[in-house]
Amino acid sequence: MDLSVVVPAYNEEGRLGPTLDAVRAYLDSEAGPGTWELLVVDDGSSDGTARIARDTAAADPRVRLVSSTENRGKGHALRLGVAASKGVRVLVTDADLATPIEELARLTEQMEAGYGAAVGSRAHPDSSVEVHQGRLREWMGRMGNRLIRAVAVPGIRDTQCGFKLLDGEKAREAFADARLDGWGIDVEILQYFRRQGWAVAEVPVRWSHQEGSKVGPFDYLRVLAELIRLKTRAVRRVDLAVCGLFLLASVLLYKGLWTDLDHAYLRDSGQDQNQWEWFFAVTADNVAHLHNPFFTTVQNFPDGVNLMGNTPMLGLSVPLTPVTLAFGPSVTWALVLTGGLAATAASWYWLIARRLVRNRWAAALGGALAAFAPPMISHANAHPNFMVLFMIPVIIDRALRLCEGHRTVRDGVLLGLFATYQVFLGEEPFLLAAVGMLLFAAAYAVVHREAARQAARPLAKGLAIAAGTALPLVGYPLAWQFFGAQSYHSVLHGDNAGNSPLALLEFSGRALFGDDATADKLALNRTEQNAFYGWPLVALAFAVTVRLWRRPVVKALAFTAVAAAVLSLGQKIRIPYTDVVFPGPWRAMAHLPLFESVIEGRVAMVCAPALGMLVALAVDRLTRARARTSAPSTVSSPASSPVRGPVRPYQVVGALAVAAALVPIVPTPFPVQQRPEIPAFIADGMWKKYVGPGESVVPVPLPDPGSAEALHWQSATGLGFPVPGGYFNGPYGPDRTGIYGAPPRYTSNLFRDVRYGGKVPDIGPNWQAQARYDLAYWKAGVVVIPPEDNDATLYVVVEKLLGRPGERIGGAWVWPVGKGS
């Protein structure tokens with residue numbers, strides 16, 4: 001049969017007869033008497049619809065009636081009709097013929113041009129709407145179609161026009177796969193065509209609104225609801241299983257933190273847990289009181305802290321404000337770490353499965369390595385901005401879509417929005433990710449020049465659109481960061497912040513086969529073990545690269561990993577066990593804007609997703625080697641059926657090699673310790689008696705990057721008082737060079753030196769005058785010495801500086817020094 005016409009009908013007694021007559025007359029005159037069939041699908045009508053169709057079928061055997069025992073919706077009716085069709089092409093048209101049957105000629109022209117489907121469109125610029133709907137109904141229809149287009153089928157302006165011509169075999173396959181019973185069937189079918197890569201033409205048609213239409217003004221919302229249900233059902237079980245495993249792994253790593261949120265402190269986080277909890281608390285306080293989210297004087301009083309110049313992760317701390325206010329910043333801290341690590345793994349898994357491999361478990365292994373690799377786990381002790389990277393794969397995918405050149409404007413705008421959000425999650429990891437993407441793009445362009453040539457123009461256009469979208473959104477925050485109060489221009493880390501070549505081959509302290517003693521010798525600290533992939537994984541990556549070298553993506557991934565590793569060695573590359581030193585390529589970048597603040601050892605983190613993708617490709621190759629394909633047995637089931645062949649020796653060897661590379665770097669749970677108790681003087685609010693408006697609490701010693709427990713005092717008690725000093729990045733000196741913590745003062749240096757066992761100087765009138773000057777600068781209301789190492793010596797120092805003994809109040813030594821003292 002050349003053509004099958006499927007007409008779904010529900011309670012269409014009043015107009016079905018004329019519709020069938022018009023369709024038959026046209027097809028006889030244009031297609032020929034024996035080349036078509038007409039199927040009427042009665043969707044459980046309660047009137048004479050079935051009778052009219054039955055009578056017509058009795059008079060003309062080319063007309064058939066397909067009946068449903070109950071009314072289940074247009075989607076169910078079309079599924080029945082298309083399944084019963086026999087045509088090389090299938091036309092689905094509404095019973096009201098709002099689009100005249102004569103418009104079939106336009107759709108046929110597009111099908112003959114090679115399209116898999118031609119769909120009538122009322123929204124096409126060349127369409128003719130002869131009778132309009134009411135204004136409200138028409139406006140709601142346009143808005144609904146825009147929503148559907150944005151959510152489901154971008155690029156098709158009118159998904160709901162009931163006049164579509166489809167390739168017969170493709171139509172029967174698509175409708176057999178469909179699940180929706182309502183109006184959303186049109187979108188579901190178009191989505192299926194898109195997924196299969198079958199071209200769809202949108203064709204202008206004549207259209208007239210028909211009274212008694214079954215499509216109501218709110219049916220577009222019902223379509224959206226159906227699509228949401230469809231997407232929910234479409235989630236693969238393996239995807240849910242993989243994401244569940246990622247979350248379980250993350251929870252197990254942080255189990256020590258979750259078992260005692262009030263007192264557990266990540267042992268290897270230094271003072272960063274105190275700092276991050278403070279960031280979450282101050283952001284929530286700023287949001288709750290409508291204060292400037294980019295600045296605060298609660299820390300480093302009275303100068304304050306440029307929050308945009310630090311890492312408060314406003315992209316998470318702002319939306320999590322209700323959690324912070326309700327449960328405290330320690331809960332937010334644990335949520336961000338646990339959920340962020342799992343979300344990052346899931347995001348890499350999604351990208352790898354979408355772009356690189358077929359086997360979902362291969363993609364899961366690659367995603368796990370990208371997110372749980374040793375350098376990521378090292379930063380997961382204390383730097384959520386470096387391990388909560390779920391937006392990076394999304395940004396990469398959108399950039400790849402730009403290279404395809406299909407919807408450049410839309411993809412460019414979305415890329416700009418995604419980039420904006422990543423700026424508020426972490427700028428330095430975004431910069432490192434951009435370096436990785438540039439390395440990959442450069443390598444891929446060299447090995448696949450034709451692809452690079454085709455992608456260049458749409459990518460350039462899309463990036464310009466992305467920049468135009470992002471800059472207005474991030475312009476003010478970045479201006480505040482670089483030019484606002486307490487801004488700085490760089491943070492210098494010295495010449496030895498690069499990795500040792502040995503660090504790329506050793507195991508990290510948190511790895512299953514690692515130990516802290518070995519790793520500590522090769523890293524700045526336990527939160528900066530930025531390589532430590534282990535020699536077995538490096539060897540596996542080399543073997544995979546050699547085996548799959550013919551694939552351009554493998555060459556580009558290998559180059560990216562090697563280049564990032566070399567850059568991470570820093571400005572000077574010292575050959576292990578020798579005195580030989582070579583200049584490193586990072587030297588050319590070290591003094592560039594933005595790069596001057598980067599710890600170059602962190603560039604090795606770029607290797608994690610590259611290695612993860614190489615491992616995913618290897619595992620996918622091993623699993624596909626077992627698969628065999630059987631030919632399809634029927635037209636209705638065209639997909640091939642995988643048949644597992646016998647396991648071969650090289651597959652066993654390959655699986656063992658992957659296991660040998662990955663098992664040694666499996667992360668172990670983060671150790672925790674009990675955090676110091678907050679003195680009752682602070683926890684119970686006794687300080688309020690001594691601190692007036694505009695005054696601060698001065699802990700001894702002042703909080704700094706080495707000891708920031710006073711920030712925990714603040715975040716755990718509602719930020720009721722400011723403190724001088726602190727742990728943050730801020731300016732130092734007339735050049736405003738970035739440093740960690742507040743610019744030192746004589747009195748703060750004295751307190752710090754004594755706290756860590758330094759010699760106590762002779763304290764006379766000069767020291768006392770300096771102390772009065774510094775306390776006045778800090779607008780001190782009260783000086784507090786909590787229980788700590790060398791607190792007895794600190795007491796003597798403060799007593800001599802202030803010329804009077806302190807009071808023991810609430811477990812701390814206290815000296816009132818404010819205006820009311």
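Predicted, not measured: the structure shown is a model, and the values here were computed from it.

1. What to know about the overall build of the protein
Now for step 1: Looking only at helices and strands, the protein features 31 helices and 23 strands.
Now for step 2: Burial statistics for the protein: of 821 residues in total, 53% are counted as buried.
Now for step 3: Carbon together with sulfur atoms contributes 59% to the accessible area of the protein, which is approximately 36,300 Å² in total.

2. Comments concerning the packing of helix H6 (residues 168-177) against helix H7 (residues 185-196)
Now for step 1: Relative to each other, H6 and H7 sit at 120°, their axes nearing to 9 Å. As H6 runs across H7, the sense of the crossing is right-handed. Residues Lys170, Ala171, Glu173, Ala174, Phe175 and Asp177 of H6 touch H7, and the partners they reach there are Ile185, Glu188, Ile189, Tyr192, Phe193, Arg195 and Gln196.
Now for step 2: Taken together, the residues of the contact of H6 with H7 break down into 7 nonpolar, 1 polar and 5 charged.

3. Quick word on unusual backbone geometry
Phi is mostly negative for residues that are not glycine, and the peptide bonds are mostly trans.
Now for step 1: Cis geometry is found at the peptide bond from phenylalanine 301 to proline 302, where omega equals 5°.
Now for step 2: Locating proline 302 in the fold gives a position in the loop between strand E11 (295-296) and strand E12 (305-306).
Now for step 3: Each neighbour pair has its own omega, and for valine 700 with proline 701 the value is 0°, a cis peptide bond.
Now for step 4: Locating proline 701 in the fold gives a position in the loop between strand E18 (696-699) and helix H28 (709-716).
Now for step 5: A positive phi angle, near 55°, is found at phenylalanine 532, a position not held by glycine.

4. Observations regarding the pattern of salt bridges
Now for step 1: All told, the structure shown has 38 salt bridges when counted by the stated rule.
Now for step 2: With a closest N to O distance of 3.7 Å, lysine 74 and aspartate 94 form a salt bridge. Taken together, the positions of lysine 74 in helix H3 (residues 74-84) and aspartate 94 in the loop between strand E4 (89-93) and helix H4 (104-112) put the pair 20 residues apart, joining distant regions of the chain.
Now for step 3: By relative accessible area, aspartate 94 is classed as partly exposed at 23%.

5. Brief notes about the sheet that holds strand E3 (residues 63-68)
The pairing of strands in a sheet happens through backbone hydrogen bonds and is either parallel or antiparallel.
Now for step 1: Spatially, the 7 strands line up as an open sheet ordered E3-E2-E1-E4-E7-E5-E8, and their pairing is mixed. The strands lining the two open edges of the sheet, one partner per strand, are E3 and strand E8 (200-204). Ignoring strand direction, the axes of neighbouring strands in this sheet form an average angle of 20°.
Now for step 2: Of the strands in this sheet, strand E5 (117-121), strand E7 (163-167) and E8 are in contact with H7, which crosses E7 at around 35°.

6. Considerations on the confidence of the model for the protein
Now for step 1: Averaged over all residues, the pLDDT of the protein is 90; the fraction at 70 or higher stands at 91%.
Now for step 2: Overall, residues 628-642 carries pLDDT values under 50, and its contacts beyond four positions in sequence, including any with other chains, amount to 13 contacts.

7. Points about the packing of aromatic side chains
Now for step 1: Scanning all chains against the criterion turns up 19 aromatic pairs.
Now for step 2: Ring centres of phenylalanine 390 and tyrosine 421 lie 6.5 Å apart, and the angle between their planes is 45°; this geometry places the pair in the tilted category. Of the two residues, phenylalanine 390 sits in the loop between helix H17 (384-387) and helix H18 (391-404) while tyrosine 421 sits in helix H19 (residues 408-423), which places them 31 residues apart along the sequence.
Now for step 3: Taking relative accessible area as the criterion, tyrosine 421 reaches 27% and is therefore assigned partly exposed.
Now for step 4: Ring centres of phenylalanine 507 and phenylalanine 513 lie 6.4 Å apart, and the angle between their planes is 75°; on these two criteria the pair is classed as edge-to-face.

8. As for helix H26 (residues 649-662)
Now for step 1: When the terminal C-alpha atoms of H26 are compared, their 20 Å separation across 14 residues agrees well with the 20 Å that a helix rising 1.5 Å per residue should span.
Now for step 2: Buried within H26 we find Gln651, Gly654, Val658, Ala661 and Leu662. Seen from one end, H26 has its buried residues packed into an arc of 90°, which puts them on one side. Opposite its buried face, H26 presents the exposed residues Pro649, Val653 and Leu656, each directed more than 90 degrees away.

9. Considering the sheet that holds strand E23 (residues 812-816)
Now for step 1: What the 4 strands build is an open sheet, ordered E18-E21-E23-E22; its pairing is mixed. What marks the edges here is a single partner per strand, and that holds for E18 and strand E22 (807-809). Here the average twist between neighbouring strands, direction ignored, is 35°.
Now for step 2: As defined by bridge partners, E22 adjoins E23 across 3 bridges and the pair is classed as antiparallel.

10. Considerations on the pairing of strand E2 (residues 36-43)
Now for step 1: Burial runs high along E2: 8 of the 8 residues are buried.
Now for step 2: A two-sided burial pattern is seen for E2, the buried positions comprising Trp36, Leu38, Val40 and Asp42 on one face and Glu37, Leu39, Val41 and Asp43 on the other.
Now for step 3: Note: strand E1 (residues 3-9) against E2, 7 bridges, orientation parallel. The residue of E2 that forms the bridge with valine 5 is leucine 38.
Now for step 4: For the crossover from E1 across helix H1 (residues 16-30) to E2, the handedness is right-handed.
Now for step 5: Sheet topology note: the E2/E3 ladder contains 6 bridges and is parallel. Counterpart to valine 41 in the pairing with E3 is valine 66.
Now for step 6: In this fold, the crossover linking E2 to E3 by way of helix H2 (residues 49-59) has right-handed handedness.

11. Overview of helix H11 (residues 272-288)
Now for step 1: Taking 1.5 Å of rise per residue, the 17 residues of H11 would be expected to cover 24 Å, and the 24 Å separating its terminal C-alpha atoms lies within 8% of that figure.
Now for step 2: Of all the 17 residues making up H11, 15 are buried; the element is thus mostly covered by neighbouring parts of the structure.
Now for step 3: In the segment just after H11, leucine 290 is the residue with positive phi, at about 55°.

12. Some points on the nonpolar core
Now for step 1: Grouped together as the largest cluster of nonpolar side chains are 129 residues, with contacts concentrated most on Phe246, Tyr254 and Leu537.
Now for step 2: The greatest single-element share of this core, amounting to 13 residues, is contributed by helix H14 (residues 329-355).
Now for step 3: Aside from chain neighbours lying at most four places away, what touches tyrosine 254 is Leu266, Leu337, Thr338, Leu341, Ala380, Met387 and Phe670.
Now for step 4: Grouped together as the second largest cluster of nonpolar side chains are 30 residues, Val5, Leu38, Cys161 and Val205 included.

13. What about the environment of asparagine 71?
Now for step 1: Its location among the elements puts asparagine 71 in the loop between E3 and H3.
Now for step 2: For asparagine 71, the contacting residues outside a window of four places in its chain are Tyr10, Asp43 and Gly44.
Now for step 3: Of note is the side chain of asparagine 71, whose polar atom sits 2.7 Å from the side chain of aspartate 43.

14. With respect to the packing of H19 against helix H21 (residues 449-483)
Now for step 1: Contact geometry for H19 and H21: axes closest at 7 Å, N-to-C directions at 35°. Every pair of crossing elements has a handedness; the one defined by H19 and H21 is right-handed. Touching Thr408, Val409, Gly412, Val413, Leu415, Gly416, Leu417, Thr420 and Val423 of H19 are Pro458, Lys461, Gly462, Leu463, Ile465, Ala466, Thr469, Ala470, Leu473, Val474 and Leu478, all from H21.
Now for step 2: Its residues placed into classes, the contact of H19 with H21 shows 13 nonpolar, 6 polar and 1 charged.

What counts and how
Residues numbered from 1 in each chain as written. Predicted model: local features only at pLDDT ≥ 70, side-chain atom pairs only at ≥ 80, totals over all residues. Heavy atoms only, no water. Helix = DSSP H or I, 4+ residues; strand = E, 2+ residues; numbered from the N terminus. Buried < 20%, exposed > 50% of the residue type's maximum accessible area, 1.4 Å probe, protein only. Areas by Shrake-Rupley, 256 points an atom, 1.4 Å probe, with all protein chains shown as cover. Axes fitted to C-alpha atoms, helices over the stretch in contact; angles between N-to-C directions. Left-handed = near helix turned anticlockwise from the far one by under 90°. Contact = heavy atoms within 4.5 Å. Nonpolar A, V, L, I, M, F, W, Y, C, P; charged D, E, K, R; others polar. Salt bridge = Lys/Arg side-chain N within 4 Å of Asp/Glu carboxyl O. Pairing = 2+ DSSP bridges. pLDDT = per-residue confidence, 0-100. Phe/Tyr/Trp six-rings, centres within 6.5 Å; stacked < 30°, edge-to-face > 60°. Expected span 1.5 Å × (residues − 1). Arc of directions from axis to C-beta. Right-handed = clockwise from strand over helix to strand, strands pointing away. Core = buried A, V, L, I, M, F, W, Y, C linked by side-chain atoms within 4.5 Å. Polar contact = N/O pair within 3.5 Å; in protein donor to acceptor, adjacent residues only side chain to side chain.

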